[in-house]
Amino acid sequence: YRATYACPLSIEWKTWTGKSGCVMSQVDFAAFIENNLPDIAIPPAADMLEISRSLEAKKKVNFASGIRLSNGQNELTYEEQVSGTAAKGKLSVPEEFTIGIPALEGGINYAVTARLRYRIADGGSLAIWYELVRPHKVIEDAVQAVWADIEMGTGLSIFNGKP
């Protein structure tokens, strides 16, 4: 006899992995954070919501050009600085935040790190997104935990692969 179990992904996992790396407007990002507020662990969810709503980014560009007429040597310098603040400077914008979500339906919550990214897009609008850090490792661990539970509960060994 053979039994199979597909280990269905949780709704929270699908939601967060589905938007990882997707560039959003500030309005869309704030709505996403608000809709998924219970999942945010660090910084406090209320701070993350305020950051998403009030993030301001400023770009400063310095450019210098010089030429030496005697030999035609050019010297160019381009320096760009982007800084972000939230809540009128009251909150610092974190480089990373942590969510606590189950990877599998009915599974335990995992702490998953997300890198917060933002850019000033053409036209001066703000583009915001996040990138989950090594989400495949969370899935590997969650599946291993299910296998261990099955082996312990049944007393049988798990065989992974094609027959």
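Predicted model only: the values in this text are computed from it and were never measured. (Residues numbered from 1 in each chain as written. Predicted model: local features only at pLDDT ≥ 70, side-chain atom pairs only at ≥ 80, totals over all residues. Heavy atoms only, no water.)

A. How the structure looks around the sheet that holds strand β1 (residues 24–25). Here we have five strands laid out as an open sheet, ordered β1-β8-β7-β6-β2, and antiparallel in their pairing. With partners counted over all chains shown, the strands left at the sheet margins are β1 and β2 (40–42), one partner each. Sitting on the sheet, helix α1 (residues 11–19) is in contact with β1, β2, β6 (96–102), β7 (109–120) and β8 (126–132), with an inclination near 145 degrees to β6. (Pairing = 2+ DSSP bridges. Helix = DSSP H or I, 4+ residues; strand = E, 2+ residues; numbered from the N terminus. Contact = heavy atoms within 4.5 Å. Axes fitted to C-alpha atoms, helices over the stretch in contact; angles between N-to-C directions.)

B. Spotlight on the nonpolar core. By size, the foremost hydrophobic cluster in this structure holds 31 residues, and its most contacted members are Trp16, Phe29, Ile33, Phe97, Ile99, Val112 and Tyr130. Elements with a contribution of two residues or more to this core: α1, α2 (26–35), α3 (45–54), β6, β7, β8 and α4 (135–154). In terms of residue count, β7 provides more of this core than any other element does, five residues in total. Other than its neighbours up to four places away in sequence, Phe29 contacts Met24, Met48, Ser52, Leu116, Ile128, Trp129 and Tyr130. (Core = buried A, V, L, I, M, F, W, Y, C linked by side-chain atoms within 4.5 Å. Buried < 20%, exposed > 50% of the residue type's maximum accessible area, 1.4 Å probe, protein only.)

C. The arrangement of the packing of aromatic side chains in detail. Considering all chains together, one arrives at five aromatic pairs under this definition. With 5.7 Å between their ring centres and 20 degrees between their planes, Phe32 and Tyr130 make a pair best called stacked. With Phe32 in helix α2 and Tyr130 in strand β8, this pair connects stretches of sequence that are 98 residues apart. Relative accessible area serves as the criterion here: at 8%, Phe32 is assigned to the buried category. On the basis of relative accessible area, Tyr130 is assigned to the buried category, the value being 0%. (Phe/Tyr/Trp six-rings, centres within 6.5 Å; stacked < 30°, edge-to-face > 60°.)

D. Structural context of the environment of Glu50. Its location among the elements puts Glu50 in helix α3. For the pair Glu50 and Ile33, spaced 17 residues apart in the sequence, the C-alpha separation amounts to 9.7 Å.

E. The side chain of Ser10, seen in detail. By the element assignment, Ser10 lies in the segment before α1. Residue classification places Ser10 among the buried positions, given a relative accessible area of 3%. Polar contacts involving the side chain of Ser10 include one to the main-chain carbonyl oxygen of Pro102, which spans 2.4 Å. Contacts of Ser10, omitting those with residues within four sequence positions, involve Pro102, Ala103, Leu104 and Glu105. (Polar contact = N/O pair within 3.5 Å; in protein donor to acceptor, adjacent residues only side chain to side chain.)

F. Expanded view of the confidence of the model for the protein chain. Per-residue pLDDT for the protein chain has a mean of 79; in total, 74% of the residues score no lower than 70. Across the protein chain, α1 holds the top mean pLDDT of 92, while strand β4 (residues 74–86) sits lowest at 57. (pLDDT = per-residue confidence, 0-100.)

G. Spotlight on unusual backbone geometry. Cis geometry is adopted by the peptide bond preceding Pro43, which originates at Ile42 and carries an omega value of -5 degrees. Here Pro43 shows up in the loop between β2 and α3. Phi at Arg134 takes a positive value of approximately 50 degrees, unusual for a residue other than glycine. With respect to the secondary-structure elements, Arg134 resides in the loop between β8 and α4.

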